[in-house]
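Chains, contacts and geometry: an overview
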Amino acid sequence: MTTDATQPSTAVDQPDVRPQRAAVVTGASTGIGEATVRALAAEGWRVYAVARRAERLEALAAETGAVAVPADIAEDDDVARLLEAVEAGGGIDTLVNIAGGARGTDWVADAKTEDWEWMLRVNVVGTMKITRAFLPMLRAHGRGTVLNLTSVAGLVSYEGGGGYNAAKFAEHGMTRALRLEEAEHNVRVVEVMPGLVKTPEFTLSRLGGDAAAAERVYEGVEEPLTAEDVADVIRYAVTVPHHVNLDDIVIRPVAQAAAHKLLRKR
């Protein structure tokens, strides 16, 4: 059978009807959280940027097109309000838990109860509350993702890090349990554990505002990780095909060969 090449093709180009990816990113007002909002928004995701500092979120939203939702993830009312806003916006398929932090470098013998309580509240209880709130939505989606940013401090302890180690070891354990529990719902659970990242605001907060001490943390380290480095890994982990689960990702600068070995040039 012959065909007339002059006849118009009956094939119709099909439009790209893939749904827009959507994520909640906590800790979005600074550092790795802010960089992650930028990375996902640049790829066309609908991003709900969540943090306590409303003015920073509004500026980020104006620049990236993200949806700013000021909230404290450890407060039940704030989490409920966030969930309502996301439901009204069409829902999400991905939850990126970045909010967290460290306070103090005291040894356990000198531990400040208020510092430990804050770290456990923000890193562990807050992550639990927001994950618990969004799991029904992620399950219903059918191909949901939870990514928890923890730390190598959840793998190896060090002097003066007891409180932060306790919080991150707990978050690490919670993440592993979540992966086991949610596999049957096709919710993949990813953990990203950075080493030394040059996020000055995080370090300044941990050291009580001592700028000189914060600068010494990075002194002599030629190329510590940046917030953008970690955000790029997060972006990759949540955009690979859904059947691919990057369970545990440890990311360090080359200068940090291990928790106890950090090269500094004088």
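Residues numbered from 1 in each chain as written. Predicted model: local features only at pLDDT ≥ 70, side-chain atom pairs only at ≥ 80, totals over all residues. Heavy atoms only, no water.

1. Re the overall build of the protein
Per the secondary structure count, the protein includes eight helices and nine strands. Looking at the protein as a whole, 46% of its 266 residues qualify as buried. The long-range fraction of contacts in the protein, counting pairs at least 24 apart against all pairs at least 6 apart in sequence, stands at 68%. Element-wise, carbon and sulfur atoms account for 53% of the exposed surface of the protein, whose accessible area totals about 13800 Å². (Helix = DSSP H or I, 4+ residues; strand = E, 2+ residues; numbered from the N terminus. Buried < 20%, exposed > 50% of the residue type's maximum accessible area, 1.4 Å probe, protein only. Contact = heavy atoms within 4.5 Å. Areas by Shrake-Rupley, 256 points an atom, 1.4 Å probe, with all protein chains shown as cover.)

2. Some words on the nonpolar core
By size, the foremost hydrophobic cluster in this structure holds 34 residues, and its most contacted members are Ile 32, Val 37, Val 47, Leu 147, Val 192, Val 230 and Ile 234. Listed by contribution, the elements that provide at least two residues to this core are strand S1 (22-26), helix H1 (31-42), strand S2 (46-51), helix H2 (54-64), strand S5 (145-149), strand S6 (188-194), helix H8 (227-239) and strand S7 (248-251). For Val 192, the contacting residues outside a window of four places in its chain are Leu 147, Asn 148, Leu 149, Thr 150, Ser 151, Val 230, Ile 234, Ile 249 and Ile 251. Membership of the second largest hydrophobic core comes to 24 residues, among which are Val 50, Leu 83, Val 86 and Leu 138. (Core = buried A, V, L, I, M, F, W, Y, C linked by side-chain atoms within 4.5 Å.)

3. Thoughts on the pattern of salt bridges
Enumeration according to the criterion identifies 16 salt bridges in this entry. One salt bridge in this structure joins Asp 72 and Arg 121, with 3.2 Å as the shortest N-O distance. One end of the pair, Asp 72, is in the loop between strand S3 (67-70) and helix H3 (76-88); the other, Arg 121, is in helix H4 (residues 113-141), with 49 residues separating them in the sequence. By relative accessible area, which is 15% here, Asp 72 ends up buried. For Glu 171, the salt bridge goes to Lys 168, with nearest N and O atoms at 2.8 Å. Here Lys 168 and Glu 171 lie together in helix H5 (residues 162-182), a separation of three residues that amounts to about one turn. Each of the two residues, Glu 171 as well as Lys 168, counts as buried. Each of the salt bridges in this network shares a partner with another, and the network as a whole consists of Arg 176, Arg 179, Asp 247 and Asp 248. (Salt bridge = Lys/Arg side-chain N within 4 Å of Asp/Glu carboxyl O.)

4. What to know about unusual backbone geometry
Phi is positive for Asn 186, which is not a glycine, with a value near 60°. Mapped onto the elements of the fold, Asn 186 is located in the loop between H5 and S6. Among the residues examined, Asn 186 registers a relative accessible area of 35% and is labelled partly exposed.

5. Details of a nonpolar patch on the surface
On the surface, a nonpolar cluster with roughly 210 Å² of combined accessible area is contributed by Leu 155, Val 156 and Val 250. On the secondary structure map, Leu 155 appears in the loop between S5 and H5. Residue class for Leu 155 comes out partly exposed when judged on its relative accessible area of 36%. (Patch = residues over 30% accessible without salt bridge, like charges linked within 9 Å, V, L, I, M, F, W, Y side chains within 5 Å.)

6. Remarks on the sheet that holds S5
An order of S3-S2-S1-S4-S5-S6-S7 is seen for the seven strands of this open sheet, with the pairing classed as parallel. Strands at the two margins of the open sheet, each flanked by one partner only, are S3 and S7. Mean inter-strand twist for the sheet, computed between neighbouring axes without regard to direction, equals 15°. In terms of strand pairing, S6 meets S7 through four bridges, oriented parallel. Within S7, the position partnered with Val 192 by the bridge is Ile 249. (Pairing = 2+ DSSP bridges. Axes fitted to C-alpha atoms, helices over the stretch in contact; angles between N-to-C directions.)

7. Some remarks on the pairing of strand S4 (residues 94-97)
Burial along S4 is two-sided: Thr 94 and Val 96 and Leu 95 and Asn 97, pointing in opposite directions, are all buried. Pairing of S1 with S4 involves three bridges; the strand directions are parallel. Opposite Val 25, over in S4, you have Val 96 as the bridge partner. Sheet topology note: the S4/S5 ladder contains four bridges and is parallel. Bridge pairing in S5 links Asn 97 to Asn 148.

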